[in-house]
Amino acid sequence: MSNRYIPWISTAVAVVVMIVIWKLVIAIFNVSPFVLPQPEDVITGVKDLVNSKGFWTDVRVTLTETLVGFAIALALGLGLGIILGRVVWLEQAMRPVIVASQVVPKVALIPLFIIWFGFGMTSKIIIVALLSFFPILLNVILGVRSVDAGHRDVMRSLNSTRWQTFRRLEYPSTLPYVLAGMEVGIVFAVVGAVVGEYLGGDQGLGYRIVTSLNNLEAETLFAVILVLTLFGFLLYLAVVALKRFLIPWHDSTIDSTRAST
Amino acid sequence: MSADTTERRFTPGVSGALPDGQAEIDIRGVSKRFTARGRETLALTEIDLGIRKQEFLTLLGQSGCGKTTLLRILAGLTQPTTGEVTIAGRRLWRGDHRDDDALRKMGLVFQDANLFPWYSVEDNIGLPLQLRKVDKRERLRRAHELSELVGLQGFEKALPRELSGGMRQRVAIARALSYRPEILLMDEPFGALDAMTRDKMNMELQRIAQTTGATVVFVTHSIAEAVFLADRVVLLSARPGRIRSVTEVDAAHPRSLEFTAESGFQDKVLELRRQLTEDEERLSRQGAISE
């Protein structure tokens with residue numbers, strides 16, 4: 001049996017095991033459906049949620065916030081990362097600021113942004129950008145610095161121009177780091193959008209969590225969580241697909257079975 | 001210990017200069033001083049060395065003797081502190097300015113293959129041509145031709161990661177040969193390979209040097225390798241780096257492994273070993289004094 005089937009089999013096994021434990025817990029402890037609904041009720045909940053009024057608007061709102069915020073983070077992270085990666089003294093000067101803004105629990109700033117930028121999408125976009133910015137920035141700085149000295153010697157001995165060195169060496173060797181930052185960043189982006197809506201929104205999937213909680217609709221709450229998981233998973237998958245497309249040569253994109261040969 | 005006392009303690013190096021007009025590469029009075037953590041090291045001092053066209057010259061020495069520094073100066077990667085390097089009549093360094101045209105004749109192979117992992121074998125080989133704006137068809141044709149020369153036909157589409165260390169080094173050699181350099185500079189190119197592969201690569205290198213008619217400057221710390229390959233072995237001695245001796249090896253190329261059994265080969269290896277041991281003893285005495 002080839003290793004490439006193992007994740008699929010393990011996923012199926014994990015889902016079955018989870019559902020069995022879920023049902024056992026309900027049966028043994030006699031849990032109220034207001035606390036933990038039956039798995040099949042959650043499936044119905046998902047169907048009802050998808051068919052409910054305004055669901056696709058909510059998906060669109062959350063998706064827009066996530067993507068716009070993430071795009072801003074990517075642009076800023078790339079721009080600032082390239083500058084700080086090259087200008088060592090500037091990075092040293094900025095380091096206290098960067099560390100400080102990293103250790104601030106950014107989720108705690110969300111109410112502040114809502115006060116400043118209102119309940120609409122703007123405040124969420126800023127939160128998303130802020131959360132996904134740092135992993136991207138730090139990876140880009142690392143990437144810019146990680147261009148191999150031996151590779152630089154090759155380009156230098158070949159009289160390469162500034163542009164050729166960028167195009168043939170610096171760009172491809174930094175790309176894996178940018179994508180690694182994006183991989184972490186996209187997950188943070190979804191968290192930012194949902195928590196933003198949750199704490200101060202009037203639409204979006206995060207807002208659905210609050211309403212279903214207020215109405216004590218446990219199966220809707222579970223349904224929203226499932227939809228959000230799928231939502232985050234698809235976005236993450238998009239980044240991974242981008243990675244496979246852009247850096248097929250990199251170790252991180254190769255199956256462990258092939259890389260070892 | 002100041003830099004001055006170091007300079008006074010050594011006997012000056014031998015001159016490896018050739019009579020006027022004979023040298024394709026002419027190194028005159030080249031010194032290199034490095035400053036690290038406020039301490040000055042004289043990596044090379046007053047090197048005079050001429051290298052003939054189509055000659056195979058090996059630079060032999062222990063680590064720290066400045067052989068790599070000398071090669072990097074020839075390759076235009078390190079600027080000498082004093083002295084000048086002339087390649088086919090063109091001065092390589094004028095102060096801070098490097099004559100890039102003088103470099104166009106040179107191919108460089110490093111200790112690590114330094115292949116770009118994002119390019120296939122053929123694209124790695126063709127990289128220097130790509131930088132020189134040679135069109136794609138010609139690049140691929142040349143890459144194919146060179147894959148054959150270095151024994152990698154059939155691997156043109158492979159990624160560096162899929163190759164063994166020896167194969168990667170072959171790609172690096174093919175890359176250095178892509179634009180038909182007249183001078184091939186090699187810095188311990190087979191240092192990371194196992195002994196068997198290394199012997200094989202040395203045999204092939206002789207063949208490649210003959211086919212291409214290139215002048216080769218080959219850095220190594222292996223005495224046997226240096227004598228086996230070279231027309232002339234230049235032994236460098238450390239602290240400060242200078243030429244300790246120049247040994248002519250006048251057997252015809254290509255040499256087979258049987259050459260290593262000949263007395264001419266063995267005498268030279270023994271003599272070079274004696275000189276290296278003498279140097280080592282002197283260095284350890286020097287170390288004892290400075291401590």
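Cut-offs used in this document
Residues numbered from 1 in each chain as written. Chains lettered and ligands numbered in written order. Predicted model: local features only at pLDDT ≥ 70, side-chain atom pairs only at ≥ 80, totals over all residues. Pairing = 2+ DSSP bridges. Helix = DSSP H or I, 4+ residues; strand = E, 2+ residues; numbered from the N terminus. Contact = placed C-beta atoms within 7 Å. Domains from an automatic or database assignment. Nonpolar A, V, L, I, M, F, W, Y, C, P; charged D, E, K, R; others polar. Core = buried A, V, L, I, M, F, W, Y, C linked by C-beta atoms within 7 Å. Buried ≥ 20, exposed ≤ 12 C-beta atoms within 10 Å, placed from the backbone. Axes fitted to C-alpha atoms, helices over the stretch in contact; angles between N-to-C directions. Parallel < 35°, antiparallel > 145°, perpendicular 65-115°, else oblique. Left-handed = near helix turned anticlockwise from the far one by under 90°. pLDDT = per-residue confidence, 0-100. Expected span 1.5 Å × (residues − 1). Arc of directions from axis to C-beta.

Chemist: Before we go on, may I ask you to explain the sheet that holds strand E2 (residues 39-52) of chain B in this structure?
Modeler: Think of a sheet as strands paired side by side through backbone hydrogen bonds, with each pair either parallel or antiparallel. All names here are of chain B. With antiparallel pairing, 4 strands are arranged side by side in an open sheet as E2-E1-E4-E5. The open sheet is flanked by E2 and strand E5 (90-91), the only strands paired with a single partner. Bridge analysis of strand E1 (residues 23-36) against strand E4 (residues 82-87) gives 5 bridges, and the strand direction is antiparallel. Opposite Arg28, over in E4, you have Glu84 as the bridge partner.

Chemist: Just to check I follow, could you spell out the interface of chain A and chain B for this structure?
Modeler: By convention, interface size is frequently given as the accessible area that disappears when the constituent parts associate. Facing 13 residues of chain A, the contacting portion of chain B comprises 17 residues. Only helix H7 (149-157) and helix H8 (162-200) of chain A provide two or more residues apiece to the side of chain A that touches chain B. Top element by residues in the side of chain A that touches chain B is H7 of chain A. It accounts for 6 residues.

Chemist: I'm lost on the domain arrangement of chain B in this one. Help?
Modeler: Residue and element names in this part refer to chain B. According to the domain assignment, chain B contains domain 1 (3-105 + 181-290) and domain 2 (106-180). Computed from C-alpha atoms alone, the centre-to-centre distance between domain 1 and domain 2 is 26 Å. Contacts between the two partners involve 20 residues from domain 1, matched on the other side by 16 residues from domain 2. Sorting the residues of the side of domain 1 that touches domain 2 by element identifies strand E9 (183-187) and helix H7 (195-212) as the ones contributing at least two each. Split by residue class, the side of domain 1 that touches domain 2 holds 13 nonpolar, 3 polar and 4 charged.

Chemist: It is not clear to me how unusual backbone geometry should be interpreted in this structure. Could you clarify?
Modeler: For residues other than glycine, phi is negative in most cases, and the peptide bonds are mostly trans. Residues and elements named next belong to chain B. For the bond running from His253 to Pro254, omega is -5°, close enough to zero to count as cis. Residue position: Pro254 is located in the loop between strand E12 (242-248) and helix H9 (263-290). For Gln54, which is not glycine, the phi torsion reads 65° and is therefore positive. As for its position among the elements, Gln54 is in the loop between E2 and strand E3 (56-60). The backbone of Arg180 shows a phi angle near 50°, a positive value even though the residue is not glycine.

Chemist: What exactly am I supposed to notice about the nonpolar core here?
Modeler: Soluble, globular proteins show a tendency: their nonpolar side chains are buried together. In this structure, Leu60, Leu74, Leu185, Val216, Val217 and Val234 of chain B are the most contacted members of the largest nonpolar core, which totals 75 residues. Setting aside residues no more than four positions away along its own chain, Leu185 of chain B makes contact with Leu71, Leu74, Ala75, Met106, Leu108 and Val217 of chain B. Listed in part, the 45 residues of the second largest apolar core include Leu49, Val140, Leu205 and Val224 of chain A.

Chemist: What should I look at first to understand the pairing of E1 of chain B in this one?
Modeler: Consecutive residues of a regular strand have side chains that alternate between opposite faces of the sheet. Residue and element names in this part refer to chain B. Where E1 and E2 come together, 10 bridges link them in antiparallel fashion. By the bridge assignment for E2, Thr35 is matched with Glu40. Hairpin connection, E1 to E2: the antiparallel pair is bridged by 2 residues, and Arg37 has positive phi, about 50°.

Chemist: Just checking my understanding: could you explain the sheet that holds strand E11 (residues 232-237) of chain B for this structure?
Modeler: Residues and elements named next belong to chain B. One open sheet holds the 6 strands; their spatial order is E8-E9-E10-E3-E11-E12, and the pairing between them is mixed. Of all strands in the sheet, those bounded by a partner on one side alone are strand E8 (106-109) and E12. The average undirected angle you get between the axes of adjacent strands in this sheet is 15°. Strand direction decides the pairing type here: E9 and strand E10 (residues 215-220), joined by 5 bridges, are parallel. Looking across to E10, one finds that Asp187 is bridged to Val219. Together, E3, E9, E10 and E11 form the strand contacts of helix H2 (residues 67-74), whose direction differs from that of E10 by roughly 150°.

Chemist: Mind showing me how you'd approach the packing of helix H6 (residues 121-145) of chain A against H8 of chain A here?
Modeler: To describe two helices that pack against each other, one gives the angle between their axes and the distance between the axes. All names here are of chain A. Where H6 contacts H8, the axes come no closer than 7 Å and their chain directions differ by 160°. One finds that H6 runs roughly antiparallel with respect to H8. For the element pair H6 and H8, the recorded crossing hand is right-handed. Its residues placed into classes, the contact of H6 with H8 shows 19 nonpolar, 10 polar and 2 charged.

Chemist: Explain the confidence of the model for chain B here, please?
Modeler: In regions of low pLDDT, the predicted coordinates are not meant to be interpreted in detail. Residues and elements named next belong to chain B. When pLDDT is averaged across chain B, the result is 84; 94% of the residues are at 70 or more. Confidence, read as mean pLDDT per element, is least for helix H1 (residues 3-9) in chain B (46) and greatest for E10 (93). With pTM at 0.80, the complex prediction returns an ipTM value of 0.81.

Chemist: Please explain H7 of chain B as it appears in this structure.
Modeler: Residues and elements named next belong to chain B. Relative to the 26 Å expected for 18 residues at 1.5 Å per residue, H7 spans 25 Å between its end C-alpha atoms, a close match to the ideal helical length. Of the residues making up H7, those classed as buried are Met201, Asn202, Leu205, Ile208 and Ala209. Looking straight down H7, one finds that the buried residues subtend no more than 130° of arc, so they occupy a single side. H7 presents Met196, Arg207 and Thr211 as exposed residues on the side facing more than 90 degrees away from its buried surface. Packed against the buried residues of H7 are E3, helix H5 (136-149), helix H6 (165-177), E10 and helix H8 (223-229). Directly after H7, the chain includes Gly213, whose backbone phi takes a positive value near 65°.

Chemist: Can you walk me through H5 of chain B in this structure?
Modeler: Structural remark: α-helix, 3.6 residues per turn; residues separated by three or four positions point the same way. Residue and element names in this part refer to chain B. A rise of 1.5 Å per residue sets the reference length of H5, with its 14 residues, at 20 Å; its end C-alpha atoms lie 20 Å apart and thus fit the reference within 8%. Residues Arg139, Arg142, Ala143, Leu146 and Ser147 constitute the buried set of H5. The buried residues of H5 occupy an angular sector of 140° when projected down its axis, which confines them to one face. Exposed residues pointing more than 90 degrees away from the buried face of H5 are listed as Arg137 and Glu138. Those residues of H5 hidden inside the fold are in contact with helix H4 (121-131) and H6. At the exit of H5 stands Gly151, carrying a positive phi of roughly 75°.

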